[in-house]
Amino acid sequence: MAVGLIKERIKLKLNVPKWLLGLLLLSALAATGYITYTQIATTNQRQEMRRRIQTVTVERVTLPMRITANGTVQPERSVNVSPKNSGILKQLLVKEGDRVKEGQILAYMDNSNLQGQLTQAKAQLETAQANLDKLLAGNRPQEVAQSQAQLASAQANLDKLLAGNRPQEVAQAQAQLASAQANLDKLLAGNRPQEVAQAQAQLASAQANLRQAELNYNQNQRLQTAGAISLRELDTSRTAYDTAKAQVEQAKQALNLQKSGTRPEEIAAARAQVEQAKQAFNLQQSGTRPEEIAAARAQVEQAKQALELQKAGARPEEIAAARAQVMNAQGALQTIQAQLNDTVIRAPFDGVVTRKFADPGSFVTPTTSGSSVSSATSSSILSLAAKNQVIAKVAETSIPKIKVGQDVTIEADAYPRQPFSGKVIQVATQSTVDQNVTNFEVKMSLDDPKNLLQSGMNVNVKFNVGTLDNVVVVPTIAIVRQENGTGVYLMGRGENRRPRFRPITTGATVEDKTVVVSGIEEGDKVMISFPQGQRPASRTPSMFPGMGPGGGRRGGF
């Protein structure tokens, strides 16, 4: 209607050509369509923008306070097991990966050179102990009686010498001299004819026996060849024949000896016996000499002292010396036994065999425990590691919150969905500085009954240092830092609903949430996303190291 009215007015006032009128009408229609399209597009864009804005309701929760740090899995103890003394490895009873208990035998060293020393040490101890027992027991009655008998014998000899020789002893010496003289006279006179004739008769008898034995032996040879007698009977006749020949030879020598007479050396021996008998007879007639009496008295005195020594027993200093010898022998035996025990290599603690350095037959030497240099490992037997623990480096600002006994949660990349538990067992008293960052080493026990974590693995440690009860929290990503302070954007109300900046005071940050001390209340809706290109940018740096714009340190304070 409006278009038609305009057309009438134009016809009345102006005489406009039809083509120009059509062009003006077409322009008016295009403008009306553009305005309508713009209004519709703007309305749709605002609706899309409202749909893309995300908000979170402020709430009160209880937050666990945690401090996170990176750590590594390491054994509590690690040693290179080696013998106390150098030697040959005889037997190895374990292999890499075996778990052992404290005191379990791991290997044997060659101890052959010590066995002989052990036997010798035992014998020396037994000898020393027997000597001590003898001294403590004193002398036996038999030994005392023997000393008394020796004293009596010496005294009787002295009394005899003092009394002089009896007539019977003189007569006996005289008879011995007469016998020696008669034997000398016999040798000087030579053999009698009767003795020579007797020797000739014995030779003739022996020769007759030889002829009979020879005849019997020859007959038995023929009979044995014919099978009439046994070989044993032939051997018997041969023996009789050999015996007869020996007797003939003996008779010949006896006859020759009788014919030759006495030898000069026999006459000389007989003269010596006569001279000895004369001296003994003269001695008996002259009596005892003074020096013999003095020697007899000395023997009596010596026998008396020996008897007193037997009755007195051992002296205290002899017993003390014997006891010292026993102790010395015991010490030597204990030393050898200790060296033998050292050849048995045992596990110093519960653990796992991580490396094997030697095989049976290798020469091994004592090494520094836990040393990893090639000179140490090449002469060791094996490497033993105790159960694992976790060692983490914690920033100095967090150390006051770490206490011995605190629970920790341990996460490993190798087992992303399987956290492990543990406890703080030690906090270092001396700091370490790495790249101008001061840290303290914290050791934690590891509850890993299946032994899944291996030494050297990297882990993430969360220290459970307490809880924040009933606190107002917002997502850390909702916090914005502006020139006029730190705050959040609240969703606006009404048709416009423009975001409103609200300053807040923040507290601790735990994982992805930050505590709000003041500025907002429970139930407020804060914005955590903005339309593209409309998120306010932080204009001030973070107050905490490691905290970027709109966020804080993960898991810290």
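As the structure is a prediction and not an experimental result, all values here were calculated from the model.

Rules behind the numbers
- Throughout, residues of each chain are indexed from 1 in the direction in which the sequence is written.
- Whole-chain, interface and lining totals are the exception, using all residues; otherwise, since this is a predicted model, local features are given only for residues with pLDDT of at least 70 and side-chain atom pairs are given and counted only at 80 or more.
- Based on all heavy atoms of the structure, the side-chain values leave hydrogens and waters out of the count.
- In this text, helices come from DSSP runs of H or I with a minimum length of four residues, and strands from runs of E with a minimum of two, each type numbered from the N-terminal end.
- Here, residues are in contact when the closest pair of their heavy atoms is within 4.5 Å.
- Residue exposure ignores everything except the shown protein chains as possible cover, and the areas themselves are Shrake-Rupley values with a 1.4 Å probe.
- Think of it this way: DSSP has to see at least two bridges between two strands before they count as a pair.
- For the exposure calls, accessible area comes from a 1.4 Å probe over protein chains only, and a residue counts as buried if that area is under 20% of its type's maximum, exposed if over 50%, partly exposed in between.
- In this scheme Phe, Tyr and Trp rings, the latter by its six-membered ring, pair at centre separations within 6.5 Å, and the angle between planes marks the pair as stacked below 30 degrees, edge-to-face above 60, and tilted otherwise.
- Each reported salt bridge corresponds to a side-chain nitrogen of Lys or Arg within 4 Å of a carboxyl oxygen of Asp or Glu.
- An axis is simply a line fitted to the C-alpha atoms; with a helix, the fit covers only the stretch in contact. Between two such axes, the angle follows the N-to-C directions and lies from 0 to 180 degrees.
- Any angle that falls under 35 degrees is termed roughly parallel, while one over 145 is termed roughly antiparallel, one within 65 to 115 roughly perpendicular, and all others oblique.
- Crossing handedness: left-handed means the near helix sits turned counterclockwise from the far one by under a right angle, and right-handed means the same turn made clockwise.
- In this classification, the charged set is Asp, Glu, Lys and Arg, the nonpolar set is Ala, Val, Leu, Ile, Met, Phe, Trp, Tyr, Cys and Pro, and all remaining amino acids, among them Gly, are polar.
- Note on terminology: a nonpolar core comprises buried Ala, Val, Leu, Ile, Met, Phe, Trp, Tyr and Cys residues joined through side-chain atoms within 4.5 Å.

Re the overall build of the protein chain
Part 1 of the argument: Helices and strands together make up the secondary structure of the protein chain, namely eleven helices and 22 strands.
Part 2 of the argument: By sequence separation, contacts in the protein chain at least 24 residues apart represent 77% of the contacts at least 6 residues apart.
Part 3 of the argument: Surface summary for the protein chain: the accessible area is close to 35800 Å², and the carbon and sulfur share equals 51%.

Let's talk about the pairing of strand β16 (residues 458-475)
Part 1 of the argument: Of the strand pairs in this sheet, strand β2 (residues 59-75) and β16 are connected by 13 bridges, and their pairing is antiparallel. Considered in β16, the bridge of glycine 71 is made with valine 459.
Part 2 of the argument: Pairing of strand β12 (residues 407-412) with β16 involves five bridges; the strand directions are antiparallel. The partner of valine 408 across the bridge, within β16, is phenylalanine 463.
Part 3 of the argument: Bridging between β16 and strand β21 (residues 513-518) involves three bridges; their strand directions are antiparallel. Counterpart to proline 475 in the pairing with β21 is lysine 513.

Here's the deal with the side chain of serine 383
Part 1 of the argument: When you line up the elements, serine 383 lands in strand β10 (residues 382-385).
Part 2 of the argument: Among the residues examined, serine 383 registers a relative accessible area of 7% and is labelled buried.
Part 3 of the argument: When residues no more than four places from it in sequence are discounted, the contact partners of serine 383 are Ser78, Val79, Asn80, Val352, Val353, Thr354, Arg355 and Phe357.

Topic: the sheet that holds strand β6 (residues 105-109)
Part 1 of the argument: Sheet architecture is open: four strands sit in the order β7-β6-β4-β9, paired in antiparallel fashion. Of all strands in the sheet, those bounded by a partner on one side alone are β7 (344-346) and β9 (363-364).
Part 2 of the argument: Pairing of β6 with β7 involves three bridges; the strand directions are antiparallel. By the bridge assignment, alanine 107 is partnered in β7 with isoleucine 345.

Here's the deal with the packing of aromatic side chains
Part 1 of the argument: Counted under the stated rule, the structure contains three aromatic pairs.
Part 2 of the argument: Aromatic pair tyrosine 489 and phenylalanine 501: ring centres 5.4 Å apart, planes at 65°, arrangement edge-to-face. Of this pair, tyrosine 489 sits in strand β18 (residues 485-490) while phenylalanine 501 sits in strand β19 (residues 500-503); the two residues are twelve residues apart in sequence, bridging distant segments of the chain.
Part 3 of the argument: Judged by relative accessible area, tyrosine 489 falls into the buried class, the value being 14%.
Part 4 of the argument: Residue class for phenylalanine 501 comes out partly exposed when judged on its relative accessible area of 22%.

Structural notes on the pairing of strand β8 (residues 351-356)
Part 1 of the argument: Judged from the two bridges that link them, strand β5 (residues 99-100) and β8 form a sheet pairing that is antiparallel. Looking at β8, one finds that valine 100 is bridged to glycine 351.
Part 2 of the argument: Bridge analysis of β8 against β10 gives four bridges, and the strand direction is antiparallel. Paired with arginine 355 across the bridge in β10 is serine 383.

Side note on the pattern of salt bridges
Part 1 of the argument: Enumeration according to the criterion identifies seven salt bridges in this entry.
Part 2 of the argument: As a salt-bridge pair, lysine 356 and aspartate 359 come within 2.8 Å of each other at their nearest N and O atoms.
Part 3 of the argument: For lysine 356, a relative accessible area of 35% translates into the label partly exposed.
Part 4 of the argument: Given a relative accessible area of 39%, aspartate 359 falls into the partly exposed group.
Part 5 of the argument: The closest approach of N and O atoms between lysine 423 and aspartate 407, which form a salt bridge, is 2.5 Å. With lysine 423 in strand β13 (residues 415-427) and aspartate 407 in strand β12, this pair connects stretches of sequence that are 16 residues apart.
Part 6 of the argument: Judged by relative accessible area, lysine 423 falls into the partly exposed class, the value being 40%.

Looking at the packing of helix α3 (residues 112-137) against helix α10 (residues 316-342)
Part 1 of the argument: Across the interface, α3 lies against α10 with an axial gap of 8 Å and an inter-helix angle of 160°. Regarding the angle of α3 to α10, the classification is roughly antiparallel. Crossing geometry of α3 relative to α10 is assigned as left-handed.
Part 2 of the argument: In terms of residue class, the contact of α3 with α10 is built from 16 nonpolar, nine polar and three charged.

A closer look at the nonpolar core
Part 1 of the argument: If you look at the biggest cluster of nonpolar residues, it comprises 30 residues, and the most contacted ones within it are Val390, Ile402, Val442, Met444, Val461 and Phe463.
Part 2 of the argument: Secondary structure elements with two or more residues in this core: β2, β11 (388-395), β12, β13, β15 (437-445), β16 and β20 (505-510).
Part 3 of the argument: Element by element, the count of residues in this core is highest for β16, at seven residues.
Part 4 of the argument: Beyond its immediate sequence surroundings of up to four residues, methionine 444 is in contact with Gln389, Val390, Ile391, Ala392, Val408, Lys423, Val424, Ile425, Val461 and Phe463.
Part 5 of the argument: In terms of nonpolar packing, the next biggest core, distinct from the first, is built from 19 residues, Leu89, Val94, Ala347 and Phe349 among them.

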